[in-house]
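For reference, the chains in residue letters:
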Amino acid sequence: MEPFTIVEGIAAPLPAANVDTDVIMPKKFLKGVDRAGLRDGVFHDLRFDEAGQLNNTFILNQAGWADAAFLVVGPNFGCGSSREHAVWGLRQLGIRALIGTTYAGIFFDNCARNGLLAITLEPNRMAEIFALATDSARNRLSIDLAAQLITAADGSFAFDIDPLLKASLIAGLDTVGVTLANSHAIRAFERNYLADRPWLAAAQGAASTPSS
Amino acid sequence: MQRSRTLYDKVVDAHCVSSFDDEGRQVLLYVDRTVLNEYTSPQAFSGLREAGRAVWRPDAALGVVDHVNPTAPLRVREMADAGGQRQTSYFAENCRDFGIELFDVLHPMQGIEHVVMPELGRVMPGMVVAAGDSHTTTYGAFGALGFGIGTSDIEHYLATQTVIYRRLKSMRVEVDGTLQSGATPKDVVMSLIREIGAAGATGYAIEFCGTAIEAMSVEGRMTICNMAVECGARGALIAPDNKVFDYLEPRVGLDHDLWCRAVAHWRTLKSDPDADWDRRVEIPAASIEPMVTWGTSPDQALPISGVVPDPADETDLARRRDLERSLTYMGLQPGTRLEDVAIDRAFIGSCTNARIEDLRAAAAIVKGRHVAGGVRAMVVPGSSAVKRQAEREGLDRIFIEAGFEWRQSGCSMCLAMNDDVLAPGERCASSTNRNFEGRQGSGGRTHLMSPVMVAAAALCGRLADSRQFVPLS
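Residues numbered from 1 in each chain as written. Chains lettered and ligands numbered in written order. Predicted model: local features only at pLDDT ≥ 70, side-chain atom pairs only at ≥ 80, totals over all residues.

For chain A, the count of helices and strands is nine helices and seven strands. Within chain A, the proportion of its 212 residues that are buried is 41%. (Helix = DSSP H or I, 4+ residues; strand = E, 2+ residues; numbered from the N terminus. Buried ≥ 20, exposed ≤ 12 C-beta atoms within 10 Å, placed from the backbone.)

Here it is, written out as structure tokens:
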């Protein structure tokens, strides 16, 4: 996972509420067995018209926002399907951070696992940052994760973040490897847990044969 | 004395391997079981292969093909769609190489993962089930904590039997009283989503309680817990009771002594009377009417007697723009009576509403009547076992004689990853869970409702109140 320390880039506004993962990554891009090619799928039905031509009314297709590294988003961003393809695609498009008020739970975790920083700002600061992102003369930001600070040319925004998530993003940790380093603790827990609940092991796979 | 705890606290506490902080807010959570599908799992298995890692407990996982398979009446192993074929063949390879049981498309117990797991008794009270599908919340109907995870966390689960988990806030949703005739569990959860909004339970686990929940069947409870994710809940629980135990007893196949020990433990799985809640919501059962969505978010719903809202009435500018966009996408004019909205398609299916009770209720309305001209109507049973049961009861004949297509099981047009897709502009009455833009096909327009409401809409050719249809026999 690519570490997140200090990242500079362009911010683009996507103010709609409840932008779901079907919109972020439409179903026709979900047929792979790897993570390749998802850059083309991100916001596909917004970026392209029915003939496959670039839709110039969509913000990420406009000069001044085309190389955005940050998206300033509306509430409940990433709701719906668990598809991690949405986050893989955003990363492949070059998005490093999201700035919003609320994110759907599964999506938020998927961001955390892929080095995509999902920043939660106080709702009363959102109008200001939307105004910056909407103005192509002022939409260059710098995000310093260690300092928990977004800096613009004429102002800054402090943000809170869970300390464990922060450390993991800065280090770019492989969480599976970290957890497996403590596999003895999982084994010990599992032994006691299953011993206290003998019905769990006894019922394994029971009734898996069809009744008709 | 130990502090008072919610059912959610008790289930999480019992699964904490270790804590990452002093307060136990973020923990390494032991997961009892998972179910895998062909489209969210491949990259997780590839990650294991690349790192040379094994699956911690292969017998705790079940693989089911459900998202990409066709539902045409004749089943074949090979998929015409190259992507679907690649995913199902890699899924089979992964299940074989890692020792995981697989229900492929020809298996007699194939079905939608969240229908299959419960019908096999694989979900028991007090369990934690994390799976690569957001509707894993379904399992709360058994007093199990089910929640969706992404592919990275599937890989973490497969390698370690755990997930890194942040504790949620608690919300108690109380539904007291008696549901009106014609109001279904789907209408209960749609009313909740409308009331609290599509993000109303983001960051929360919900516990449903109250006399209307107690009176509800286990299948009805699954519908409610399933769709709780549409208001953001990443966990929905109902305290297990005798209905749950009666449902499970023939399915888990335990000997008498173990069964009694299990039930004695399961009876302790309820919130303490003085437990603290971060939020409480009450929905009087008698106030709930048959619901339909009119927009592109599940909270954009109204009783069927309503009219399409007018964005001009919305004072918040951002919300007004969202409303205008929804109505433009849906092709609806403000002030239109919902009962005047004509449909092209009707779909009964999905992990929300395609169990045997759903099919029985819809068939009771359909029997002796016929689908309106110009409407294409489909029934996709939730599982192959549900399909066989329905056929034993003659429900397939009722649907077919009324003009419905009777198809094989799968997720089908709930998310249209297979060939069951709306054409651009087509309008569908659907017993599914999401009315997002493009969900059932690019440009397709989805109205969510209960299976009996879909049946009524199919018969009328427009959105309709199911209460006007008295069963003919």
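Okay, the overall build of chain B next. Helix and strand counts for chain B come out as 15 helices and 19 strands. Here the C-alpha radius of gyration of chain B, 22 Å, is about what a compact globule of 473 residues would show, namely 23 Å. With 473 residues in all, chain B has 59% of them scored as buried. Considering only contacts in chain B between residues 6 or more positions apart, those separated by 24 or more positions represent 77%. (Rg over C-alpha atoms; globule rule 2.2 N^0.38 Å. Contact = placed C-beta atoms within 7 Å.)

Residue and element names in this part refer to chain B. In terms of domains, chain B is made up of domain 1 (7–279) and domain 2 (291–468). A straight line from the C-alpha centre of domain 1 to that of domain 2 covers 25 Å. Facing 39 residues of domain 1, the contacting portion of domain 2 comprises 34 residues. Residue assignment for the side of domain 1 that touches domain 2 shows that the elements contributing at least two residues are α4 (113–119), α6 (185–196) and α8 (218–227). By residue class, the composition of the side of domain 1 that touches domain 2 is 14 nonpolar, 17 polar and eight charged. (Domains from an automatic or database assignment. Nonpolar A, V, L, I, M, F, W, Y, C, P; charged D, E, K, R; others polar.)

On the side of chain A, 54 residues touch chain B, which itself brings 66 residues to the contact. Of all the elements, helix α5 (residues 151–160) of chain B adds the most residues to the side of chain B that touches chain A, at seven residues. Split by residue class, the side of chain B that touches chain A holds 25 nonpolar, 26 polar and 15 charged.

All right, on to the environment of H15 of chain B then. Residue and element names in this part refer to chain B. For H15, the position within the fold is in the loop between α1 (7–14) and β1 (16–19). What makes H15 buried here is the crowd of 22 C-beta atoms within 10 Å. As for H15 and L28, which are separated by 13 residues in sequence, their C-alpha atoms are 8.3 Å apart. The contact partners of H15, leaving out residues within four places of it in the chain, are L29, Y30 and V128.

Residue and element names in this part refer to chain B. The strand order β11-β10-β9-β12 describes an open sheet built from four strands, whose pairing is parallel. Of all strands in the sheet, those with a lone pairing partner are β11 (236–237) and β12 (279–282), marking the two edges. Bridge count for strand β10 (residues 204–209) against β11 is two bridges, and the pairing is parallel. Bridge pairing links I206 to A236 in β11. (Pairing = 2+ DSSP bridges.)

Next up on the list: helix α5 (residues 123–134) of chain A. When the terminal C-alpha atoms of α5 of chain A are compared, their 17 Å separation across 12 residues agrees well with the 16 Å that a helix rising 1.5 Å per residue should span. Against the buried residues of α5 of chain A lie β1 (6–14), β2 (68–73), β3 (97–100), β6 (149–152) and β7 (155–158) of chain A. (Expected span 1.5 Å × (residues − 1).)

Below, the discussion takes up the nonpolar core. All names here are of chain B. By size, the foremost hydrophobic cluster in this structure holds 215 residues, and its most contacted members are I206, A228, V292, A346, V454, A457 and A458. At nine residues, the largest contribution of residues to this core is made by helix α15 (residues 451–460). For this core, the domains that each give at least three residues are domain 1 (7–279) and domain 2 (291–468). Aside from chain neighbours lying at most four places away, what touches V292 is A301, L302, I304, L338, H447, L448, M449, M453 and L463. (Core = buried A, V, L, I, M, F, W, Y, C linked by C-beta atoms within 7 Å.)

Before going further, it helps to examine helix α3 (residues 82–98) of chain B. All names here are of chain B. Here α3 is 17 residues long and its end C-alpha atoms lie 24 Å apart, about the 24 Å a rise of 1.5 Å per residue gives. Residues of α3 that are buried: G84, Q87, T88, F91, N94 and C95. Seen from one end, α3 has its buried residues packed into an arc of 125°, which puts them on one side. Away from its buried face by more than 90 degrees, α3 exposes A82, R96 and D97. Where α3 is buried, its residues touch α2 (42–51), β4 (61–64) and β5 (101–103). Looking at the residues trailing α3, positive phi occurs at G99, about 75°. (Arc of directions from axis to C-beta.)

This brings us to the environment of V263 of chain B. Looking at the secondary structure, you find V263 of chain B in helix α10 (residues 256–266). Sequence spacing of V263 of chain B and P451 of chain B is 188 residues, and the spatial spacing of their C-alpha atoms is 33 Å.

It is worth spelling out the pairing of strand β9 (residues 169–174) of chain B at this point. Residue and element names in this part refer to chain B. Bridge count for β9 against β10 is six bridges, and the pairing is parallel. Among the inter-strand pairings, M171 is bridged to a residue of β10, identified as I206. For the segment spanning β9, α6 and β10, crossover handedness is right-handed. Pairing between β9 and β12: four bridges, direction parallel. Note on β12: the bridge partner recorded for M171 is R279. (Right-handed = clockwise from strand over helix to strand, strands pointing away.)

To continue, consider the sheet that holds strand β5 (residues 140–144) of chain A. Think of a sheet as strands paired side by side through backbone hydrogen bonds, with each pair either parallel or antiparallel. Residues and elements named next belong to chain A. Judged by pairing direction, the sheet is mixed, and its seven strands sit side by side in the order β4-β3-β2-β1-β5-β6-β7 without closing on themselves. If you trace the sheet from one side to the other, it starts and ends with β4 (117–120) and β7, each paired once. Across the sheet, the mean angle from the axis of one strand to that of its neighbour is 30°, orientation sign disregarded. Note that β1 and β5 share five bridges and pair antiparallel. Looking at β5, one finds that V7 is bridged to I143. The sheet contacts of α5 involve β1, β2, β3, β6 and β7, and relative to β1 the element is tilted by about 95°. (Axes fitted to C-alpha atoms, helices over the stretch in contact; angles between N-to-C directions.)

This part is about the environment of T101 of chain A. All names here are of chain A. Tracing the chain through its elements places T101 in the loop between β3 and α4 (105–113). Take T101: there are 19 C-beta atoms within 10 Å of it, and that puts it in the partly exposed class. Apart from the residues within four sequence positions on either side, T101 is in contact with P75, T120, L121, P123 and M126.

Moving on, we get to the pairing of strand β19 (residues 445–448) of chain B. All names here are of chain B. Burial of β19 is two-sided: the residues R445 and H447 facing one way and the residues T446 and L448 facing the other way are all buried. Pairing of strand β18 (residues 427–430) with β19 involves four bridges; the strand directions are parallel. By the bridge assignment, S430 is partnered in β19 with L448.

Low-pLDDT stretches of the model should not have their predicted coordinates read in fine detail. Here chain A shows a mean pLDDT of 94. Residues at 70 or above account for 96%. Every residue in residues 206–212 of chain A is under pLDDT 50, and counting partners more than four places away or in other chains gives 14 contacts. (pLDDT = per-residue confidence, 0-100.)

With that out of the way, let us pick up unusual backbone geometry. Positive phi, close to 55°, is recorded for Q148 of chain A, a residue that is not glycine. Of note, Q148 of chain A is situated in the loop between β5 and β6. Located in the positive-phi region is Q161 of chain B, a residue other than glycine, with phi close to 65°. Within the secondary structure, Q161 of chain B is located in the loop between α5 and β8 (162–166).

So, about the confidence of the model for chain B. Confidence along chain B averages 97 in pLDDT terms, with 100% of residues attaining 70 or more. Under the prediction, the complex receives an ipTM of 0.96, its pTM being 0.97.

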